[in-house]
Amino acid sequence: MDIEQHGAFAITPNPAPLSHDARAAQMENPAWGRVFTDHMATLRYSRDKGWHDAKIEALKPLQLHASAVSLHYGVEIFEGLKAYRLPDGGAQLFRPDANARRFANSAKRLVMPELPVDLFVESVRALSQIDRDWIPTADGASLYLRPFMIGTEETFATNPSGAFLYCVAAAPVGAFFSGGAQAIKLWVCEDYTRAAIGGTGEAKCGGNYAAGLPAQAEALRQGCNQVIFLDAIERRWVEELGAMNVFFVFDDGTLQTPPLTGTILPGVTRDSIITLARDMGYQVNEAPYAMDQWMADAKSGRLVEAFSCGTAAVVAPISEIKGNNHNFQIGDGTPGAITTRIKTALTDIQFGRAPDPHGWCQRLF
């Protein structure tokens, strides 16, 4: 087997990659996050060796001891970013260094080793390049990259792990919401909270999402796309959705988003939107916003638009809110002008249709 090298990563090409026709068939209309590329990146860590054994190899099942601490104590973190096809046939990553820094912050919160930014970026670059044929060319589609790290030490002791596996898998994706929803409906959760002060809300760890699944299941039963979580103390303040940050747009053209106080994930898309909106001349406030105030402002007409954002869905306009005590529509229920303008500005940079004034993008080939 030929072994190539990409920086720290030794590359062993998949000996049986999908054929061109089979790959094209799988990429035609993939269910979100259920079709995977031919390869994966892996890197290991131990107390005595540090980071070592960096590989790009064929995608395959992971082997773990039954006592691996990730299986018992949730010693796990992850990230999400994308590779985008460019008009000239090339491809680029969007702000991988920002994901790398957030990954390191998540690792610190869960007493895991902080992966150096350059190794994180190198891992996603190397995987994207060897699986370049999996980066979609369809409008709005992209290659979703999922870096994650798990504790692999073999023990039932509730101590920080001394061994870890870092891995990156990739999946070609289209629209995040089924049917490519133009605007989404949200369910207000009053029975569960996502995070509390001092918890893991600002870390991207699997436990946060697992704990939110009952609320998300209830949202789906109520005919909604996502759930809105309120703060854990007063059950009053809007924090974030099940997997996305949220913005509000008022009739004077100002925007508002909940502040990062330790309970909300600092989204890369959120940060990018704040920057782009201010570039466009909009005032963006990071301030608390009460659920009751949201309903009152929507009904009075003071609030004219709202949207959610994240790597997976990018920007999703919000059309309707449902709940036991909150039922209202936002504007006329269609995507608003400011939401549309911001989404277009962001996606034009990501897909190389517009200049990148902040140097966010990294060309792959």
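Bear in mind that the values here come from a model prediction, so they are computed numbers and not experimental data.

Quick notes on the overall build of the protein
A tally of regular secondary structure across the protein gives eight helices and 19 strands. Whereas a compact globule of 365 residues would reach a radius of gyration of roughly 21 Å, the protein reaches 21 Å, a difference of no more than 12%. Projected onto the principal axes, the alpha-carbon positions of the protein cover approximately 65 × 50 × 35 Å. Burial analysis of the protein (365 residues in total) assigns 53% to the buried set. Counting contacts in the protein only where the partners sit at least 6 residues apart, residues at least 24 apart contribute 71% of the total. Counting every atom, the protein has about 15,900 Å² of accessible surface; 50% of that belongs to carbon and sulfur. Of the side chains in the protein, 32 bear a positive and 40 a negative charge, and the two mean positions are spaced by 1 Å.

Considerations on the nonpolar core
Counting 40 residues, the largest nonpolar core has Ile77, Met112, Leu115, Phe120, Leu145, Met149 and Tyr166 as the members making the most contacts within it. Take this core: its biggest share by element is six residues, from helix 4 (residues 117-130). Counting 25 residues, the second largest nonpolar core, distinct from the first, contains Ile184, Val238, Phe248 and Leu303.

Side note on the pattern of salt bridges
Counted by the stated rule, this structure contains 15 salt bridges. Between Lys55 and Asp53 there is a salt bridge, with the nearest N and O atoms lying 3.8 Å from each other. For Lys55, a relative accessible area of 31% gives the class partly exposed. The exposure class assigned to Asp53 is partly exposed, which follows from its relative accessible area of 37%.

Re the side chain of Lys82
Positionally, Lys82 belongs in strand 6 (residues 81-85). The side chain of Lys82 is buried and forms no salt bridge, while Asp139, the nearest opposite charge, is found at 12 Å. A polar atom in the side chain of Lys82 sits 2.9 Å from the backbone oxygen of Thr311. At 3.1 Å, the side chain of Lys82 forms a polar contact with the backbone oxygen of Ala312. The residues touching Lys82, leaving out its near neighbours within four places in the chain, are Gln92, Leu93, Phe94, Ser142, Leu143, Tyr144, Leu145, Val173, Thr311, Ala312 and Val314.

As for unusual backbone geometry
A positive phi is found at Val111, a non-glycine position, where the angle reads about 55 degrees. In this fold, Val111 is placed in the loop between helix 3 (96-109) and helix 4. Judged by its relative accessible area of 51%, Val111 falls in the exposed class.

Structural notes on helix 8 (residues 337-350)
Here helix 8 spans 20 Å end to end across 14 residues, near enough to the 20 Å set by a 1.5 Å rise per residue. Considered for burial, the residues of helix 8 that qualify are Ile338, Thr339, Ile342, Ala345, Leu346, Thr347, Asp348, Ile349 and Gln350. After helix 8 finishes, the residue Gly352 shows a positive phi value of roughly 75 degrees.

Thoughts on a nonpolar patch on the surface
Together, Leu62, Leu64 and Leu71 make up an exposed nonpolar region whose accessible area comes to about 240 Å². Checked against the element boundaries, Leu71 lands in helix 2 (residues 69-73).

A closer look at the pairing of strand 11 (residues 226-230)
Of all five residues making up strand 11, five are buried, and the element is well covered by its neighbours. The alternating pattern of strand 11 places Gln226, Ile228 and Leu230 on one face and Val227 and Phe229 on the opposite face, and all of these are buried. In this structure, strand 10 (residues 184-188) lies alongside strand 11, joined through three bridges in parallel fashion. Counted as the bridge partner of Leu186 is Gln226 from strand 11. Regarding topology, helix 5 (residues 206-221) serves as the crossover connection from strand 10 to the parallel strand 11, and that connection is right-handed.

Brief notes about the layout of surface pockets
Computed from the structure, the largest pocket encloses a volume of approximately 970 Å³. As for the largest pocket, its lining consists of 42 residues, and the residues nearest its centre are Asp139, Gly140, Ala141, Gly174 and Ala175. Those elements that provide at least two residues to the lining of the largest pocket are helix 1 (20-27), strand 6, strand 17 (314-322) and helix 8. Considering every element that reaches the lining of the largest pocket, the biggest residue donor is helix 8, with five residues. There is about 500 Å³ of room inside the second largest pocket. What lines the second largest pocket is a set of 24 residues, among which Phe78, Arg146, Lys204, Tyr209 and Ala243 lie closest to the centre.

Side note on the packing of aromatic side chains
In the structure shown here, the tally under the stated rule is 16 aromatic pairs. With centroids separated by 4.9 Å and ring planes inclined at 80 degrees, the aromatic side chains of Tyr84 and Phe351 adopt a geometry described as edge-to-face. Note that Tyr84 is positioned in strand 6 and Phe351 in the loop between helix 8 and strand 19 (361-363), a separation of 267 residues in sequence. Phe351 carries the same exposure label as Tyr84, and that label is buried. Ring geometry for Phe176 and Phe177: centres 5.0 Å apart, planes at 75 degrees, overall edge-to-face. Judged by its relative accessible area of 27%, Phe176 is partly exposed. One aromatic cluster in this structure is built from Phe248, Phe250, Tyr289, Trp294 and Phe328. Above the face of the Phe365 ring, Arg132 is positioned so that its terminal group lies 4.0 Å from the ring centre. Between the NZ or CZ atom of Arg302 and the centre of the ring of Phe250, over which it lies, the distance is 4.3 Å.

What counts, and where the lines are drawn
- Residues numbered from 1 in each chain as written.
- Predicted model: local features only at pLDDT ≥ 70, side-chain atom pairs only at ≥ 80, totals over all residues.
- Heavy atoms only, no water.
- Helix = DSSP H or I, 4+ residues; strand = E, 2+ residues; numbered from the N terminus.
- Rg over C-alpha atoms; globule rule 2.2 N^0.38 Å.
- Buried < 20%, exposed > 50% of the residue type's maximum accessible area, 1.4 Å probe, protein only.
- Contact = heavy atoms within 4.5 Å.
- Areas by Shrake-Rupley, 256 points an atom, 1.4 Å probe, with all protein chains shown as cover.
- Lys, Arg positive; Asp, Glu negative; His and termini not counted.
- Charge placed at Lys NZ, Arg CZ, Asp CG, Glu CD.
- Core = buried A, V, L, I, M, F, W, Y, C linked by side-chain atoms within 4.5 Å.
- Salt bridge = Lys/Arg side-chain N within 4 Å of Asp/Glu carboxyl O.
- Polar contact = N/O pair within 3.5 Å; in protein donor to acceptor, adjacent residues only side chain to side chain.
- Expected span 1.5 Å × (residues − 1).
- Patch = residues over 30% accessible without salt bridge, like charges linked within 9 Å, V, L, I, M, F, W, Y side chains within 5 Å.
- Pairing = 2+ DSSP bridges.
- Right-handed = clockwise from strand over helix to strand, strands pointing away.
- 1 Å grid on protein atoms, 1.4 Å probe; cavity = no way out; pocket = protein on both sides within 12 Å on 5 of 7 lines; lining within 4 Å.
- Points joined across faces, edges and corners; volume = space filled by probe spheres on them.
- Phe/Tyr/Trp six-rings, centres within 6.5 Å; stacked < 30°, edge-to-face > 60°.
- Lys NZ or Arg CZ within 6 Å of the ring centre and 35° of its normal.

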